[in-house]
Amino acid sequence: MAAFPSGFLWGCATSAYQIEGSPLADGAGPSIWHRFAHTPGLMRDAETGDIACDHYRRFKDDVALMKRLGMQAYRFSVSWSRILPDGTGRVNQAGVDFYSRLVDELRANGIEPFVTLYHWDMPAALDDKGGWLNRDSAEWFAEYASVLFRALDGRVTKWATLNEPWVVTDGGYLFGALAPGHRNLFETPIASRNLMRAHGAAVRAYRETGRHEIGLVVNIEPKYPASESPEDLAATRRATAYMNEQYLDPAMLGRCPPELRDVFGEAWTDWSDDDLAAVRQPIDFLGINYYTRAVTRDDPAAWPVRTATVRQDGAFYTETGWEVYPQGLVDTLVWIKQRYGDIPLYITENGVALADAPVENGRLHDPQRIEYLRQHLLALHQAIAAGVDVRGYMVWSLLDNLEWSLGFSKRFGIVHVDRQTQERTLKDSAEYYSRIIASHGRAL
Ligand SMILES: OC[C@@H]1[C@@H](O)[C@H](O)[C@@H](O)c2[nH]c(CCc3ccccc3)c[n+]21
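My aim in this report is to walk through the structure given alongside it, one point at a time. (Residues numbered from 1 in each chain as written. Predicted model: local features only at pLDDT ≥ 70, side-chain atom pairs only at ≥ 80, totals over all residues. Heavy atoms only, no water.)

1. Comments concerning the sheet that holds strand E9 (residues 307–309)
For step 1, the next point in the chain: Reading across the sheet, the 3 strands line up as E6-E8-E9 and stay open at both edges, with mixed pairing between neighbours. The open sheet terminates on both sides in strands that have one partner only, identified here as strand E6 (223–225) and E9. Averaged over neighbouring strand pairs, the angle between their axes works out to 45° when direction is ignored.
For step 2, the next point in the chain: The sheet contact formed by E6 and strand E8 (residues 294–298) spans 3 bridges and is parallel. Within the sheet, the bridge partner assigned to Lys-223 lies in E8 and is Ala-294. (Pairing = 2+ DSSP bridges. Helix = DSSP H or I, 4+ residues; strand = E, 2+ residues; numbered from the N terminus. Axes fitted to C-alpha atoms, helices over the stretch in contact; angles between N-to-C directions.)

Set out below in C-alpha cells:
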C-alpha cells in the first residue's frame, strides 16, 4: 500500500456531551441536551450524559491513551454552556480553564487539538429565547466563538464552527429525535438558515483575530437511485439536495439547492441576498463525516422529502442500521471536489457500531471493525490517488460513548468503556489503527 500524503493527520473524534459527564460542574449551565436527556421518555434506557465516559475528570488519562495509540490529532467539541452558562454575557472562567488544560495536555503529548465549536449542545438559556429559531442566534454564536478564539487560538490551530447542521435540524426540529425535540416543518428551514448564518458570523469573527484555520463539518450520505425511473431519479435529486447540498451550497456556492422548495413546500422561504452573502464566507477546509450511503427510491408517503432507502441484499448492516459501503466514500470525495472545488478536506468522522464481543483477559476482539476501517482507509487512499486533497482522518470514536437518544447501546469506540467501572480497554481495532498511524498507512 502506498503511503498517505506527507503531513497527513491521523486522529480520532469525540464530542462534549457524549463523553464528558459533569454537565453542571464548575459553574457550567445546562445545555439543551442536559434538558432533553432529563426529560422522561426521550432517551433509551433513560440514559443521560450525567456521567458518560467521565472524561471531564479523566481527560489526562484519555490523552495518555491517545498518546499510547500514536494519535496525531484529536477532534473534540467545546460545551458552549461551560463557557457561557447563560449562552451570552458572563464568561465562566472555570469552563474556559478546563478546555485550556485539555489543549495544553494534548499539545504536551504531541497531539494537535481540532476544536468543534458546536456539536449540538446549545445552552438551554438560549433555547428559552428561541434557540436556532431566533435570528439573534448568529450573534450569540459569534460571541461564544470569539471567547474561545481569544482564549485558545494559537494553541488551537484548526477550528470547525458546526458539526452536521443537517442532523441538528432534521433531528432537532423536523423529526424530534434529538434536542430540542421539535417536530415542525416550518421551523426546520428557519433553524437551517440561522445555523448557517451563525457559521458565517463565527468565520467572520475569526478573520478579525484568528491566525490559523477554520472550517465546517458536514455529514454526507451519497444517494444512488434505486432505478432509472423518472420518479426514483427525482427522489434521488431531492434526497441529495436535502441532506448533502442544503448546507454546502450556501456555504460554498452562495445559493440554495432549488429542490428544497419542493421538499419544504409552503414552509420554504428564499434566503435574502444579504443572508446568502453572510453565509458564504471563505473557509480553509471542509470536514466530511462519512458512514454510509443510501440507495434511494421515490416514496410519496415519506413526508416531507418523499424518499425511502432501499435495503441492499447481501450488504452488511451495522448496529445503527447503516449499510457498509466504502465505495461511497470515494464517490463522496470525488463529488465534493467536482461540485465545490479543490478545498482541503478532512475525514472528521468515520466509524462503525457493532455488537461487540465482551472484554476477555483485557482484550476485545472486533475483527469487523478492523475490516470496516481497513476498507474505508483503502477507499480514502483511492480518492487521494484520484486527486482529492484529503489532509487527515479522524476515526469515530476514541471511546464507546453516549449515542445521543440511543443511550450507550451503540458502541463506536476503538476503546471499550466499562459502564460500571469506567475502565478503558483497547479493542483490537485500536491496536490495528495504531499500526496504521505508525506505518503512515502502509500497514493497511
Ligand atoms: O452516530 C455516530 C456519530 C455520532 O455519535 C456523532 O455525534 C455525530 O457527529 C454523527 N453523525 C453521524 C452521521 C449522521 C448520519 C449518518 C447516516 C445517515 C444520516 C445521518 C454519525 N455520527
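2. Digging into the pattern of salt bridges
For step 1, the next point in the chain: A full pass over the atoms with the stated rule returns 29 salt bridges.
For step 2, the next point in the chain: A salt bridge links Asp-54 to Arg-58; its shortest N-O distance comes to 2.8 Å.
For step 3, the next point in the chain: Of the residues examined, Asp-54 reaches a relative accessible area of 6% and is grouped as buried.
For step 4, the next point in the chain: Taking the relative accessible area as the measure of exposure, Arg-58 reaches 27% and is therefore partly exposed.
For step 5, the next point in the chain: A salt bridge links Arg-155 to Asp-104; the shortest N-O distance between them is 2.8 Å. With Arg-155 in the loop between helix H7 (137–152) and strand E4 (158–163) and Asp-104 in helix H5 (residues 93–108), this residue pair connects regions lying 51 residues apart in the sequence.
For step 6, the next point in the chain: One continuous salt-bridge network, built from bridges that share partners, spans Asp-356, Asp-366, Arg-369, Asp-400, Arg-411 and Lys-427. (Salt bridge = Lys/Arg side-chain N within 4 Å of Asp/Glu carboxyl O. Buried < 20%, exposed > 50% of the residue type's maximum accessible area, 1.4 Å probe, protein only.)

3. Structural notes on the nonpolar core
For step 1, the next point in the chain: In this structure, Trp-132 and Leu-380 are the most contacted members of the largest nonpolar core, which totals 147 residues.
For step 2, the next point in the chain: It is H7 that contributes the most residues to this core, 10 residues altogether.
For step 3, the next point in the chain: Not counting residues up to four positions away in its chain, the partners in contact with Trp-132 are Trp-80, Tyr-118, Met-122, Ser-137, Phe-141, Val-168, Tyr-173, Ile-190, Ala-191, Asn-194, Leu-195 and Ala-198. (Core = buried A, V, L, I, M, F, W, Y, C linked by side-chain atoms within 4.5 Å. Contact = heavy atoms within 4.5 Å.)

4. So, H7
For step 1, the next point in the chain: Taking 1.5 Å per residue, 16 residues should reach 22 Å; H7 reaches 22 Å between its end C-alpha atoms and fits that length.
For step 2, the next point in the chain: Of all the 16 residues making up H7, 12 are buried; the element is thus mostly covered by neighbouring parts of the structure.
For step 3, the next point in the chain: All buried positions along H7 are accounted for by Ser-137, Ala-138, Trp-140, Phe-141, Ala-142, Tyr-144, Ala-145, Ser-146, Val-147, Leu-148, Phe-149 and Leu-152. (Expected span 1.5 Å × (residues − 1).)

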